[in-house]
Amino acid sequence: MNFLDNPLFPASAFKSAWLKQQNGSSNLPGSEALASLIDPFGFGRSAFAYWRDSVERSVLYLDVMRERGNQYLEHMEQTKPNVLGFDTEVLMDGRTLPRPTNYELLRVLPHEGTEIDLQKRPFVVIDPRAGHGPGIGGFKPDSELGVALKAGHPCYFIGFLPLPEPGQTVEDVIESEIAFLRHVIELHPETTEKPMVVGNCQAGWQIMMAAALEPDVFGPILIAGAPLSYWAGERGKAPMRYTGGMSGGSWMTALASDLGDGLFDGAMLVQNFERLNPANTYWKKQYHLYDNVDTEASRYLEFERWWGGHVVLGGEEIQYIVDNLFVGNRLSTAQLVTRDGRRVDLRNVRSPVVVFCSRGDDITPPPQALGWIRDLYEDEADIVVNEQTIVYCQHDTTGHLGIFVSGSVSRKEHTEFTANMDYIDVMPPGLYETTVTHVDDHDDPELIERDYLLEFTPRNFDQLDRDVMHKPEDDRRFATVARISEINLGMYRLFMQPWLKTMITPEVARLMRRMHPIRLGYKLLSDRNPLTVPLPVMVEAVRKNRHPVSQDNLFKALETMGSDQLVANLNAMRDFRDSSTEKMFMDIYGQPLLQAAVGLYGDAHVHRRRPGAEPEHRRFVEQRQAELRAKIAHGGAHEAVMRSLIYVLGGAPATDERNFKRLRASRAELEPGIKLSEFKRLVREQFFILKLDREQALSSLPDLLDGQSNEDIDGYISHLEHVFAASGEPSEHMAERFTKIKALFDKARPRKIEAPAKPIAAQQPAVSDEASATPTPATASTTGRRKTPRKR
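Presented here is a report on the structure given in the accompanying data block. (Residues numbered from 1 in each chain as written. Predicted model: local features only at pLDDT ≥ 70, side-chain atom pairs only at ≥ 80, totals over all residues. Heavy atoms only, no water.)

## Side note on the packing of aromatic side chains
- Going through the model one piece at a time under the given rule, you end up with 19 aromatic pairs.
- Ring centres 5.0 Å apart and planes at 65° place the aromatic pair Tyr230 and Phe326 in the edge-to-face group. Pair noted here: Tyr230 is in the loop between strand S6 (221–224) and helix H7 (243–246) and Phe326 is in helix H12 (residues 315–327), with a separation of 96 residues, a long-range link.
- Judged by relative accessible area, Tyr230 falls into the buried class, the value being 3%.
- We classify Phe326 as partly exposed; its relative accessible area is 35%.
- With a centroid separation of 5.3 Å and an interplanar angle of 90°, the aromatic rings of Tyr423 and Phe456 are classed as edge-to-face. (Phe/Tyr/Trp six-rings, centres within 6.5 Å; stacked < 30°, edge-to-face > 60°. Helix = DSSP H or I, 4+ residues; strand = E, 2+ residues; numbered from the N terminus. Buried < 20%, exposed > 50% of the residue type's maximum accessible area, 1.4 Å probe, protein only.)

As C-alpha cells, this is what we get:
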C-alpha cells in the first residue's frame, strides 16, 4: 500500500482533499494549493499557470503605467489643466485684478436634468494649492460640488493656474478670493443669504484669514482637513509637525525657492506627503493595481490624473506660509498683520464655522484642526461673548484625502453638512460637536428626508481638550524651533543666497524641475520612451487570450503573503522612523541650554500667546450688552416664542435638524414673509438676551404676550410642543423648563371682567384671581390638538 494511503499519515488528508477537488465535490478553500503539494503534475501545472498569469499581468500593468505617463504629459501641456468633472465657465480672472494672481472664479454648469434653485444660497468651493493641480473639490460626481448641485444650489469654483503671477503674495490671493465672493453675491440679488464657502486642506486657512478680514461676504464656512494650529498634535500620531524642527527651520524652503529661480516646485510637497506612508507609496498602491489589473486600471488612472498634476508656487508665497504658519504658528494666535496694518484675528469671523477632520488623518490630525479654538478662547463662554458658532465633526478612520475626495464621505457627511447649513446658520453661538447617525425607521418622512441625521451636542473646553491634547511643555520646544528658524534663515540669506541667485538661471531651474524623481516616473513610462513601443501590441494579444489564475493557486497565495509581509516591514520601518524623529526632536529642542540661548527659558516668553480682549472689542461688548438689556421687555409674541424655544432647548443634551425643520415650516405662521437673515438675527438676539439676564428675560414673557387672546396663547404653546416633539421624547430637564414657560404664558392670559356689585344680601362668594387664571384643560394639556397661532 502506498504510504500516502495510510490514514495515519497526515498527507493522506491532502490527497483526499485533492481527489474530492478532481471529482468536483470539494468546497474546501485552497484545495488547489493542497493538491499541488502532493501531486507533482499539479504542482507543475500550478507553477506554469502562475508564471503565465504573472507575465500577462506584468504586460497589462506596464501598459497602464504607459497610459498614466501619456495622461500626465497631455495634462501638463494644457494651458489651464484642471481635473474638474463638471463643465464650467470663467466669470472672473484673477490676473485682471489690481494685484494680479493666478486664481479664477468659475461658474459650475449643472449636468442635464439637474435643476438649480436660485433662491437657495450660493455654494463656493475653494481648491487647495498644495503642490497638486486644481479640481480636487469636484473631480467626480460624488464630491462636494456634486452634492451641492444635487441639492439645487448655484455652485461656483475658485481654482488656480499652474504658474503664479510675478510678485504674487498670500495676501493677494486672499484679496482675490474676497473679490470673487463679492461678485458671487452680486450675481444673486434674489437671496439675502451669503454664500456657503468650502475650503479643503490649505484652502481652509486661506478662507479663515479672508473671513477674519472681511466677515460680511461669508455665509457658513466648512473647512475640511485644514490645519490652523500647527504646533498641536498628539505624540506618536503627528509626524509632520516635527519636519520644520528637524530641517533647522524655513531656510530649506528659501533654498528650494532659490534653486527654482524664485519658484517653489509643488512636487516637493507631494513628495513629503508620499514619504508619510512609504508602504502605500512604494508598494501597496502599485501592487493593488498589479494584482487587480483587469479591473482597477480606470480607477487608478482617474486618481493619478489629479495626483500627478504638479504645479509651482511663488517663492514669496511658500516662505510666508512656512514662516508664519507652519513654524511660527501665528494665525491661531492673532499675530499676523497685513501690509496695510490690519490684524488677522479669527475672532472677527462672524459666520458659523464647521470643522471636519478625521482621526485617521496623519497630515492634519484633529489637534491641528481644532487647536485654534483653544488658542483663541479662554472657554466656551468666551466663544459666546464673541458671537461665534463653531461646530466640529470627527470621522473615525478616513485619511487626509478621503475627507474631501472619498465618495462615501461625500454621500454621508458632506451631504448632511450641505443640507443643514441653514440650520447651522441660525444656531446660537457656542461650541458644538456633531455626529452623523443612520436612520433606520422614518417615523416622520417630512422631517427625515435622507438616510442620515445630523445631531448637535453642546461641548465645553474640558471635552474639547480630550481631542486637542495640548501639552504646554511642547510649546516651548516649538517656540525654540521658530527662533532657531529665524536665525538659520538670516544666516542663509547672508552667506548662501547671493551666490545661488547668481548661478541659477530660469533654464537651469526648469531643468531641475523636469528631473525631479516624481516627474521622471511619469515621463520614463510613456510613449516618449522608445522601449514602450511594443506594449500596445503585446497588450492586445494578452487580452485576446487572458489566463487569470485563481486565488487558490499556491504561488499566488505565496505572492499575497509576500506582499503583506513587505507592507508590514515598511510600516514597521515607518513607525521606527517616526518614533525616532519624535524622540530626537523632543530631546534636542527640550534642552534648557538651547532654550536659554534663544531667550526662551523660564518666563522670558509667552510661547503660545492667547490674544486678550482689545479695548475696542471690550467697548463693543459693553455697548452690545446695553442694547440688549434695553430690548428685554420690548417685542411681541414672536420674540416670546423664540425666547421660550431657546430656553427650553437649552436644557436638552443634544438637538438635531428636525427641530429646525419644524420651526422653519411653522415660521410663516408666526410671522409671514420673514427672511432667513432676519430669522437668524432674531434667534441670536433672543439667545444673548437669555445669556445676559435669564431671570429678567423670562419674567418679561407675559409683557411680550400682552394683548394676546387665549386662543393665540394656546396656539403658541401648541406650536412649541410641536417643535419639541420633533426630536423624540423630551428630557426631564426640558420638561421642567417647558412647564415653567407654560406657567409664564398663562400669566399673560386675559383676566375675566367682574360683573357690577350686587346688593349685599344677593352677593355670591367671590372668585379669586388665582382661580380665574387657572389654565383650561385645553391649555394645560401637552398632547391636545394643535391650534394655529393668529398671524400678527
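So, next bit.
## Details of the pattern of salt bridges
- Under the definition given, this model contains 45 salt bridges.
- The salt bridge partner of Arg359 is Asp396, with a shortest N-O separation of 2.6 Å. Here Asp396 lies in the loop between strand S10 (389–395) and helix H15 (402–405) and Arg359 lies in the loop between strand S9 (353–358) and helix H13 (366–376), a separation of 37 residues in the sequence.
- For Arg359, a relative accessible area of 43% corresponds to the partly exposed category.
- For Asp474, the salt bridge is made with Arg477, and the minimal N-O distance between the two is 3.3 Å. Of this pair, Asp474 and Arg477 both sit in helix H19 (residues 472–495), separated by 3 residues, roughly a single helical turn. Taken as a pair, Asp474 and Arg477 share a single burial class, namely buried.
- Because the salt bridges share partners, they merge into one network encompassing Asp53, Glu56, Arg57, Asp291, Asp294, Arg546, Lys556 and Glu559. (Salt bridge = Lys/Arg side-chain N within 4 Å of Asp/Glu carboxyl O.)

## Side note on the nonpolar core
- Ranked by internal contacts, the top residues of the largest apolar core, which has 82 residues, are Leu145, Ile741 and Phe745.
- Looking at this core, the element that brings in the most residues is helix H27 (residues 637–649), giving 8 residues.
- The contacts of Phe745, once residues within four sequence positions are left out, are Ala640, Ser644, Leu701, Leu705, Ile713, Tyr716, Ile717 and Leu720.
- Grouped together as the second largest cluster of nonpolar side chains are 58 residues, Tyr103, Ile178, Leu370 and Leu431 included. (Core = buried A, V, L, I, M, F, W, Y, C linked by side-chain atoms within 4.5 Å. Contact = heavy atoms within 4.5 Å.)

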